[in-house]
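# Structural description and commentary
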Number of protein chains: 4
Amino acid sequence: MPGPKSLFVPGPTNVPEAVRKAIDVPMEDHRAPDIPDFILPLFADLKKIFRTETGQVFVFPASGTGGWEAAITNTLNPGDKVLAARFGQFSHLWIDLCQRIGLEVEVVECDWGTGVPVEEFGKRLAADTDHAIKAVLATQNETATGVQSDIAGLRRAMDAANHPAMLYVDGVSSIGSVDFRMDDWGVDLAVSGSQKGFMLPAGLAILGASQKALKAAESAQMRRCYFDFADMIKTNATGYFPYTPPMSLLRGLRASIDRMLEEGLDNIFARHHFLAEGVRRAVDAWGLKLCATQSKWHSDTVSAIVVPEGFDANDVIARAYHRYGLSLGAGLSVVAGKVFRIGHLGDLNELMVLSAIAGAEMAMRDVGIPIEAGSGVAAAEEYYRQNGAEMAMAAE
Amino acid sequence: MPGPKSLFVPGPTNVPEAVRKAIDVPMEDHRAPDIPDFILPLFADLKKIFRTETGQVFVFPASGTGGWEAAITNTLNPGDKVLAARFGQFSHLWIDLCQRIGLEVEVVECDWGTGVPVEEFGKRLAADTDHAIKAVLATQNETATGVQSDIAGLRRAMDAANHPAMLYVDGVSSIGSVDFRMDDWGVDLAVSGSQKGFMLPAGLAILGASQKALKAAESAQMRRCYFDFADMIKTNATGYFPYTPPMSLLRGLRASIDRMLEEGLDNIFARHHFLAEGVRRAVDAWGLKLCATQSKWHSDTVSAIVVPEGFDANDVIARAYHRYGLSLGAGLSVVAGKVFRIGHLGDLNELMVLSAIAGAEMAMRDVGIPIEAGSGVAAAEEYYRQNGAEMAMAAE
Amino acid sequence: MPGPKSLFVPGPTNVPEAVRKAIDVPMEDHRAPDIPDFILPLFADLKKIFRTETGQVFVFPASGTGGWEAAITNTLNPGDKVLAARFGQFSHLWIDLCQRIGLEVEVVECDWGTGVPVEEFGKRLAADTDHAIKAVLATQNETATGVQSDIAGLRRAMDAANHPAMLYVDGVSSIGSVDFRMDDWGVDLAVSGSQKGFMLPAGLAILGASQKALKAAESAQMRRCYFDFADMIKTNATGYFPYTPPMSLLRGLRASIDRMLEEGLDNIFARHHFLAEGVRRAVDAWGLKLCATQSKWHSDTVSAIVVPEGFDANDVIARAYHRYGLSLGAGLSVVAGKVFRIGHLGDLNELMVLSAIAGAEMAMRDVGIPIEAGSGVAAAEEYYRQNGAEMAMAAE
Amino acid sequence: MPGPKSLFVPGPTNVPEAVRKAIDVPMEDHRAPDIPDFILPLFADLKKIFRTETGQVFVFPASGTGGWEAAITNTLNPGDKVLAARFGQFSHLWIDLCQRIGLEVEVVECDWGTGVPVEEFGKRLAADTDHAIKAVLATQNETATGVQSDIAGLRRAMDAANHPAMLYVDGVSSIGSVDFRMDDWGVDLAVSGSQKGFMLPAGLAILGASQKALKAAESAQMRRCYFDFADMIKTNATGYFPYTPPMSLLRGLRASIDRMLEEGLDNIFARHHFLAEGVRRAVDAWGLKLCATQSKWHSDTVSAIVVPEGFDANDVIARAYHRYGLSLGAGLSVVAGKVFRIGHLGDLNELMVLSAIAGAEMAMRDVGIPIEAGSGVAAAEEYYRQNGAEMAMAAE
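A short tour of the structure in this document, coming up. It should be emphasised that the depicted structure is a prediction, and the values quoted were computed from it without experimental measurement. (Residues numbered from 1 in each chain as written. Chains lettered and ligands numbered in written order. Predicted model: local features only at pLDDT ≥ 70, side-chain atom pairs only at ≥ 80, totals over all residues. Heavy atoms only, no water.)

### Some details on the relation of the copies chain D and chain B
Definition in use: Fitting of the copies onto one another was done by least squares over C-alpha atoms, counting residues only where both copies have pLDDT of at least 70. Contacts were defined at the residue level, with two residues in contact if any of their heavy atoms lie within 4.5 Å.
Under the fitted operation, chain D is carried onto chain B by 0.0 Å of movement along the axis and a turn of 180 degrees, and the coordinates agree to an RMSD of 0.0 Å. Read as a symmetry element, the transformation amounts to a two-fold axis. Residue Lys-21 of chain D, judged by its C-alpha, is the member of chain D lying nearest the rotation axis, at 3.3 Å. In this assembly, 100% of the residues forming the interface of chain D have copies in chain B that are likewise at the interface, indicating an isologous arrangement.

Here it is in structure tokens:
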């Protein structure tokens, strides 16, 4: 059926018109004399999104995976030990990358549906008296299960353990959408990508590094060239890049940062919580459960919804896609077939989310899942009606 | 709040991505030697949309109002009598234009919420034995009240009266969206605009003229130049225009016609009926009434919904716009404050319509109208689920 | 061959990227509550382009021809006498329109290549002691021959004759490109279009009317509706239009006006003169003549170049188009085959003009016209080099 | 001054309208069920551009530098010896990358202005009887000096030496613009990027790998994850990517490949040679020299032009940029200040190249370089006129 498709995967997210237009520019010479007038303020403003004043921000032409690789190869040494937890596909893939790149990963296996085990991490760090653990890895938002972790709490646990390990945060599906405070939380390496909260096409890995991380980078011995911080630091300081940067995405990044700063980070976070809560009310009204096992794990950027026993979530997803033009996220790995996901991040508002809820409930009913027609929409509508006043005001 | 606005006025309608891209082209010389290769097939295909083989199609850089003026000034003479009915703002404006341009209009006043009074017209034509009436004017879709009229029936009535008057149809908000058959129904002049079923920005008046109308044009004495058929006939035949045409809109028209022919006119009509019926089910579920007083008057392109006594429809509209980013159509003139309108034409699908229904029900509840949350959405969802199979299939 | 086509007809002109992007927006409700916030300042700024403070500006969805018709039908009466000169295809078409619309035109026939015969007009006005002449028509820039006329001088002549006729100026290919001063010159009706100095696609007729013209409009008896000033005055005052306006072009108009005001009208005029002068130096270097018979007639927006006896200008044009992707303007009517035209207006700079000169000289040599390769480019280059300093500075 | 900037750096190149539009699409789910229908033919057609039937093509979200890193880390082992020549900034940077990544590079230092020393390479390979050299590195087009090397000749020399080393070709500024034959020439690894002959924004590293290279990849021990061939091979085979691909660039790549195949690779190569030859005629006419010391080294994608003693090429570049809006390439490293470069690759035609020549000659004269005004343009024009017939024909 005609009309645009409805994109409700947890990234890539819808690119706002103004950002699309900012991207779609004639090519330009990335070595032109006035490029620094563009690049230097861009990096300065990117730091605001990471909420860091003391750190440095990097932009690599790559996906988030490249960002992970950059973070690690610049700051750690072959054989270094890192502490990580596996509770979803993306925390799993990060561990996998570390291992392939040559790190020793101390893995804490957790239930999928839970997040970073702060207490357990604290214990392990306290026990690591010779400080063999060089870095603690935390996935702030596990996109596969819709689980958000407590990074501030993790920092407190690290501090309580008095452990000098660096803190690495996968913020790919959280930064720019939910609260993230690089300086306040003592994050040493934060990794994000362009296609989520930044509301851009994929293609940029965006990293924040603390001074401690940059210090570590000076002596880190892992082989690297493309992702080398030192080359970036040197050329970025002059307003250029060591190799041809994707100028059109950088022009888009300018527009998306402008928009984010105009809306205000706190307003963005409030909006994401507000929209997400509507989805959760719908799930409640359907009588279904989220994959996230407790409300403290609820992600404000993506909800993974568990289909009842006897149903295949992939049928819901296929039906939504083929019949209603609605892209939902699939369950991955351990939760494949058990959950479908509604991404609710980026350039979104109530009517868009309601259309996704409507589409999901039609698709579920189509495959026989016994939920009441309109029940999810009704619950979300009422939540939006009763709690939206501040939202609307903040958006002024 | 961020995210795109939701446009549910009955025109302009959403322009599909492919059509937007077709419009957004570098300027070109409208007198270039290869322009006829573009223009001639465009006109040929436009005739398919009007379902005429014997008639001729005209495209003027103008709004639909300009199309009306072109239709009249080319084919009638000062003081000529025409028969028309007033049952909404647009049928009213057409009458007004005729009078200002110098015609004598025999007006049949009808209730707003009804359509062309076919029987009454038949009677008047039968009584007009000296054939003073030169033209019968019919608004196929009265956009102000959401009323669709029976043009085929009108033709039968005219034939029954054996009256030679020409039949003029205002198809601005119907052609390309609901069934229209210029040749089969013996329509002599059909007027449309680019910003409705053609899914383009406003800026083109698109007309169809029968051979009878063209014959009349040869001797019509109204002063005209810009809207002159003869200039167009002469230059269009060579693949050009008498003055600078809006090439970018014509490039867009090519893309929109391609899309319409690809979907198939009958499929388009079926889709519009299907989507409209969902809206009507929602209205029923809310316990409200349409302005269209009987189901035979139901428009498949726009629904005018009557708010209960004691409420002001403009409050609903203002709330929807300011709080939910949803543009609804206002009641005009006689029905101002009494109805709000949901346009459901053009590049639309179920999820989009459901979002509009959701927005409307939130806005209504916000202003205190006692309808049940989610009730309209639920009714529409169920209708779409149970009746959409053929739609989906047709769209393949 | 690949690469964009080079457009050097005297309109439509190249649309700047920023303006293209401003046009290419999602559709919007032209009756939304915040539309006046957009429309009212737009009209206010349009007045700056016409350099009028006391007059009123109109925007009709139409071509420039529609603008002519609007100017006349709103302010004159059937049978009124107007004074006009014919010296090119567009001055001819204007006369033709007047006659078809029902005016009596006193035509002064002039050589094609000359402009408004100010002295002769002065004589005729002085002789018209009973003030039968209601309006004087002047084509500021005759696009067909590349002739610019002296409107300020015409006003002086009218004043000297102490004649109360209104002054109508066809500024389609001059306003926004060369000096035009509605108030200072006492212009009563000025007609322009979107596709020339406004750097937009065709589709808008843009008019300025003096208070005297508006007064005349109140009693003018020509039949009109679509182009009626009164409807526009009434609805524009509230920030709306009497019928669906082409919002996307209006959004583009906002962007083009912003750009024009940013560059500064006087800088725009200086740039057009500067670029045009380069073309004229090239023509000199080729040993060819312009159609404009004296330098006082030289148009700064288009040059009509006379090919030597024995050659057909259409061969040059065809060669340029098919072999070099260069669109040149053809000679029209009396000068068909005798001239080709280079439009040099709108969003242009030196390198673009040089490429057109290069293309023209290749095409001319290809068809055997004995000019020296590179001679035109060399002459223009030297002119641009030696006279461009102020240009560059003004553009800062 | 207004008007678009003129981009004549040797990449990024102008993106054709149709490709820009293909890139500028709404985001989509890269895991949607119909994505393979898009991805699989894309890879199949990419192979045609590399002229390989037996090899495999990879697309990484990265710059060309990332492509180099991918080529090496997937196929070589730490400490492996490779043979390379340094004769420009990009061959230098490749050597630098190899060294940093952990290879031993046998460097042949050559004059900047020459290319791959095929004979010398042949000797060294013949002397390497124990086959310590694992790979031979060749920069097909040294972008810094405008030097094109003879890859076919290199392959013959390798065969003559009967050496089993793999052949790695940097084709960043050659593939898709000048003749490149992966299978015929026995290239094992070919590296390109999106922003040159592919006429896309930067952001994609595009590689071709032979079966021999893929075999080597199976046991290569360099640490890698982001650039791992194995992950790509596995997921690409199913029509997907191991991580979020930049779908919008891939959609653009589809459009650019379509265009390339439509024009025909051989026609593209002929066009690049034709346009480049015009530039070279201009340089001759100016009495200047190319950095490429012999005609056999002439690059068809970029010309590095040596300014006379006593002048600073950077002054020419600065003047061209600030005064004429023309982006020329600067001399890098050893040739900084000595050369300026005109990139002539991608979506280009004669008039565009002539405008760059005109701009360069104005800028040179502005800074006092004694060349004759118009001389370069005249020479190029004549070359284009006399040799363009076949071009035009081929483009039909």
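Don't stop here, the text continues.
### A closer look at the sheet that holds strand E13 (residues 326–330) of chain A
Residue and element names in this part refer to chain A. Inclusion rule: Criterion used throughout: strands pair if DSSP finds at least two bridges between them. We count a stretch as a helix when DSSP gives it H or I for four or more residues in a row; a strand needs E for two or more, and each element gets its number in order from the N terminus.
Sheet architecture is open: 5 strands sit in the order E1-E13-E14-E12-E11, paired in mixed fashion. Edge positions in the open sheet fall to strand E1 (6–8) and strand E11 (289–290), since each of these has one partner strand only. Looking at chain direction, E1 and E13 are connected through 3 bridges and run parallel. The partner of Ser-6 across the bridge, within E13, is Leu-326.

### As for helix H6 (residues 151–161) of chain D
Residues and elements named next belong to chain D. For the record, the criterion: Relative accessible area decides the class of each residue, using a 1.4 Å probe on protein chains only: under 20% of the type maximum gives buried, over 50% gives exposed, and in between gives partly exposed. Polar contacts here mean pairs of N or O atoms no more than 3.5 Å apart (in protein, one a potential hydrogen donor and the other a potential acceptor; neighbouring residues in sequence count only if both atoms are side-chain atoms).
In terms of residue burial, H6 counts as a mostly covered element, since 8 of its 11 residues are buried. Within H6, the full set of buried residues consists of Ile-151, Ala-152, Gly-153, Leu-154, Arg-155, Ala-157, Met-158 and Ala-161. Packed against the buried residues of H6 are helix H5 (118–127), strand E5 (133–139) and strand E8 (166–170). Measuring from the side-chain oxygen of the N-cap residue of H6 to the backbone nitrogen of Ala-152 gives 3.4 Å; that N-cap residue is Asp-150. In the stretch just after H6, Asn-162 is the one whose phi turns positive, near 55 degrees.

### Comments concerning the relation of the copies chain B and chain A
Laying chain B over chain A is done by rotating through 180 degrees and shifting 0.0 Å along the axis; what remains is an RMSD of 0.0 Å. Here 100% of the interface residues in chain B have copies in chain A that are interface residues too; the copies meet face to matching face.

### Topic: the interface of chain B and chain A
The criterion, for reference: By definition, the buried area sums, over both parts, the 1.4 Å-probe accessible area that each loses when the two are put together. Should a side-chain nitrogen of Lys or Arg be within 4 Å of a carboxyl oxygen of Asp or Glu, the pair is scored as a salt bridge.
Contact residues are listed per partner, giving 43 residues for chain B and 43 residues for chain A. Across the interface of chain B and chain A, roughly 3500 Å² is buried in total on both sides, 57% from carbon and sulfur atoms. For chain B, the biggest contributors to the area lost against chain A are Met-1, Leu-351 and Arg-385 of chain B; these three give 22% of the whole. Applying the counting rule to chain B against chain A returns 8 salt bridges. With a shortest N-O distance of 2.5 Å, Arg-385 of chain A and Asp-366 of chain B are connected by a salt bridge.

### A short note on helix H7 (residues 211–219) of chain C
All names here are of chain C. Selection rule: Along the arc lie the directions from the helix axis toward the C-beta atoms.
Here H7 has its buried residues at Ala-213, Leu-214, Ala-216 and Ala-217. One face of H7 carries all of its buried residues, which in axial projection span an arc of 160 degrees. Turned more than 90 degrees from where H7 packs its buried face, Lys-215 and Glu-218 sit exposed. For H7, the elements touching its buried residues are strand E2 (56–61), helix H3 (64–75), strand E8 (166–170), strand E9 (189–193), strand E10 (204–209) and helix H8 (229–236).

### Overview of the interface of chain D and chain B
To keep things clear, this is the line we draw: Only Asp, Glu, Lys and Arg are considered charged in this grouping, and only Ala, Val, Leu, Ile, Met, Phe, Trp, Tyr, Cys and Pro are considered nonpolar; every other residue, Gly among them, is considered polar.
At the junction of the two partners, chain D supplies 4 residues and chain B supplies 4 residues. Both sides of the chain D and chain B interface together cover about 400 Å² of buried area, and 60% of this is carbon and sulfur. Area buried by chain D at its contact with chain B is led by Glu-17, Lys-21 and Pro-26 of chain D, which between them contribute 85% of it. Seen at the junction of chain D and chain B, the total is 2 salt bridges. In this structure, the connection of chain D to chain B is made through 2 residue pairs in polar contact (both at pLDDT 80 or more). Taken together, the residues of the side of chain D that touches chain B sort by class into 1 nonpolar, no polar and 3 charged.

### Section: the nonpolar core
To keep it simple, the criterion reads: Residue types Ala, Val, Leu, Ile, Met, Phe, Trp, Tyr and Cys, when buried and joined through side-chain atoms within 4.5 Å, form a set referred to as a nonpolar core.
Counting 197 residues, the largest nonpolar core has Phe-60 and Leu-253 of chain A together with Phe-60 and Leu-253 of chain D as its most contacted members. Beyond its immediate stretch of four places on either side in the chain, Leu-253 of chain A contacts Leu-42, Leu-46, Val-59, Phe-198, Leu-200, Leu-204 and Ile-206 of chain A. The next biggest cluster of nonpolar side chains, apart from the first, holds 196 residues, and it includes Phe-60, Ala-165 and Cys-225 of chain B together with Met-260 of chain C.

### Some remarks on the packing of H5 of chain D against H6 of chain D
Residue and element names in this part refer to chain D. Operational definition: Between N-to-C directions, angles span 0 to 180 degrees; the directions come from axes that are lines fitted to C-alpha atoms, helices contributing only their stretch in contact. Here the angle decides the label: under 35 degrees means roughly parallel, over 145 means roughly antiparallel, 65 to 115 means roughly perpendicular, and every other value means oblique. Put simply, a crossing is left-handed when the front helix is turned counterclockwise from the back one by less than a right angle, and right-handed when it is turned clockwise.
One can describe the packing of H5 onto H6 by two numbers: an axis separation of 9 Å at closest approach and a directional angle of 25 degrees. In this view, H5 runs roughly parallel relative to H6, as classed from their interaxial angle. Where H5 crosses over H6, the handedness of that crossing is right-handed. The segment H5 lies against H6, with Val-118, Phe-121, Gly-122, Leu-125 and Ala-126 engaging Gly-153, Leu-154, Ala-157, Met-158 and Ala-161. Residues of the contact of H5 with H6, tallied by class, amount to 8 nonpolar, 2 polar and no charged.

### What about the pairing of strand E2 (residues 56–61) of chain A?
All names here are of chain A. By the criterion of burial, E2 is predominantly enclosed, with 5 of the 6 residues buried. Summarising the sheet, E2 and strand E10 (residues 204–209) pair through 6 bridges and their orientation is antiparallel. Note that in E10 the partner of Pro-61 across the bridge is Leu-204.

By themselves, these are just geometric observations and shouldn't be taken as functional.
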